[in-house]
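Descriptive structure summary
Now for the letters of each chain:
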Amino acid sequence: SSLRRVREAVVSTQSTGEALNQKEAETQQKLLNKKKKQPIVVTKPKEAVKATVVKTIPASITIAQCDLIIWVIDVRSPMECFSDEVWTEITSAKKSVVFVLNKIDLVPKHVADQWYSVISAKSPTFVMKSTEVILTECEQIISALKATVARFGGVKSLLAYLNQNLTQETKVGVIGGPQVGKSCVISTILKGCGRTKAKRTSETKLSEKIRLATTPGLIEMKYSGILGVVSNMHQYMNHPTEVLSALTKCISKQDAMYHFTLPDYQHPAGLPDALAIRYNLYYNKEPDHEAVGRLVLKQLRDRKLKFYVACQDEIKEGIPEEQIQDVQKLLYQGDALKLNSSQLSIVITKKEKKKRRNEMDVDEENDDDEDELLESDDDSEEYDEEDEEEEMC
């Protein structure tokens, strides 16, 4: 029995030792696992990417998606805005084209008639007024003019043509080169129909027959004439003599004499010398043509000087009277615009101070004039003090 007890005690000690060894092994394994675990990295939730508003798309996409194309051309230099490749692409796809001569108010009427006769020989052409305003010292620019441009912009004839010639629902797209006024034409068409640009879709239904694509198509081209000089003006500021001769040909004698207050001179070769004499621009006792070129470029940059390319062709067909009825009111033909006050949407509000009566009314018939003046001065001072207290509160 004693031997059995000894054996049981030995077995129990062995079992307890094994249990302790297992627990120690488990704890050591847990410590090793904790060391091996990678640290938890807390990341912020990704923000939703905002949808970028596409301002323009390639003109080839607009031509492929739309049935009728409105080609916007700057009337100051139309041949720079015209592309033979795009014209062949439209004609090969058998799409109908309508030309729009934009910025018609920035050129004389005879120049606009000449370019209209050239462009209208290819396809139906319409004229429109741009939102750009030439600032001069004699003009007063008012805020109501922007709202008036939409009503007299020349869009009525274009919409009437589309409604008459379209027999079924068609999608209309607008294309043009850079900085010719494509977005302005779209907004003018929308305002003429009483519509607004849709935010979620790129189309707006104008009527039962017309669906307008509100994203214009951009014709990628590099201007090689006066429009190229105006768009890349920073490149020519250091060396303006390279483009001075071209600039003098694009500025009319009448505009130069009116804007710079010049006497009669020989145009266009004598314009740099006349400007040098007018503004005393000399270098080594000779006219400084670089300073003259910078002066002209700055006036063009600030949009204070008109420029255009004259057409050498004869006028075969001028602008119809139906199209120019609305635009002629905004054409610059003198010191003021031919607009009546009833045609401008102006609301003049005038704030008047409420006059307060005195609590005590004194009726004195036989007062002198000096006493009345003194009393009125005292009352005005009291009113001014009360108004100042109210403003401080």
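Residues numbered from 1 in each chain as written. Predicted model: local features only at pLDDT ≥ 70, side-chain atom pairs only at ≥ 80, totals over all residues. Heavy atoms only, no water.

**Comments concerning the packing of aromatic side chains**
- The final tally for this structure, using the stated rule, is seven aromatic pairs.
- Note on Trp87 and Phe99: the rings are 5.8 Å apart at their centroids and 25 degrees apart in plane angle, and the pair reads as stacked. One end of the pair, Trp87, is in helix 4 (residues 84-92); the other, Phe99, is in strand 3 (residues 96-102), and twelve residues separate them in sequence.
- Taken together, Trp71, Phe82, Trp87 and Phe99 form an aromatic cluster joined through their ring pairs.
- Over the ring of Phe82 we find Lys122; its NZ or CZ atom is 3.6 Å from the centre of that ring.
- The ring of Tyr279 has Arg278 lying over it, and the distance from NZ or CZ to the ring centre is 4.8 Å. (Phe/Tyr/Trp six-rings, centres within 6.5 Å; stacked < 30°, edge-to-face > 60°. Helix = DSSP H or I, 4+ residues; strand = E, 2+ residues; numbered from the N terminus. Lys NZ or Arg CZ within 6 Å of the ring centre and 35° of its normal.)

**With respect to the pairing of strand 5 (residues 170-176)**
- Most of strand 5 is tucked away, with seven of its seven residues classed as buried.
- A two-sided burial pattern is seen for strand 5, the buried positions comprising Thr170, Val172, Val174 and Gly176 on one face and Lys171, Gly173 and Ile175 on the other.
- Here strand 5 pairs with strand 7 (residues 210-213) via three bridges, running parallel. Looking across to strand 7, one finds that Lys171 is bridged to Arg211.
- Looking at chain direction, strand 5 and strand 8 (residues 217-218) are connected through two bridges and run parallel. Bridge pairing in strand 8 places Gly176 opposite Leu218. (Buried < 20%, exposed > 50% of the residue type's maximum accessible area, 1.4 Å probe, protein only. Pairing = 2+ DSSP bridges.)

**Quick look at the side chain of Thr125**
- Summarising the element assignment, Thr125 is placed in strand 4 (residues 125-127).
- Contact partners of Thr125, with chain neighbours within four places excluded, come to Phe99, Leu101, Tyr116, Ile119, Ser120 and Gln323. (Contact = heavy atoms within 4.5 Å.)

**Here we look at the nonpolar core**
- Ranked by internal contacts, the top residues of the largest apolar core, which has 81 residues, are Trp71 and Ile189.
- Ignoring anything within four residues of it in the chain, the contact list for Ile189 reads Ile70, Val155, Leu158, Leu159, Leu206 and Leu212. (Core = buried A, V, L, I, M, F, W, Y, C linked by side-chain atoms within 4.5 Å.)

**Considerations on the pairing of strand 2 (residues 68-74)**
- Among the seven residues that make up strand 2, seven are buried, leaving the element largely enclosed by the rest of the structure.
- Alignment of strand 2 against strand 3, held across seven bridges, turns out to be parallel. In the sheet register, Ile69 faces strand 3, and the bridge partner there is Val97.
- Inspection of the sheet shows strand 2 paired to strand 5 by five bridges, in the parallel sense. Paired with Trp71 across the two strands is Ile175, which belongs to strand 5.

**Overview of the packing of helix 12 (residues 271-279) against helix 13 (residues 289-301)**
- In contact at an axis separation of 9 Å, helix 12 and helix 13 are set at 90 degrees when each is read in the N-to-C sense. One finds that helix 12 runs roughly perpendicular with respect to helix 13. Counted together, Pro272, Asp273, Leu275, Ala276 and Tyr279 of helix 12 and His289, Val292, Leu295 and Val296 of helix 13 form the full contact between these two elements.
- Residue classes in the contact of helix 12 with helix 13 are distributed as seven nonpolar, one polar and one charged. (Axes fitted to C-alpha atoms, helices over the stretch in contact; angles between N-to-C directions. Parallel < 35°, antiparallel > 145°, perpendicular 65-115°, else oblique. Nonpolar A, V, L, I, M, F, W, Y, C, P; charged D, E, K, R; others polar.)

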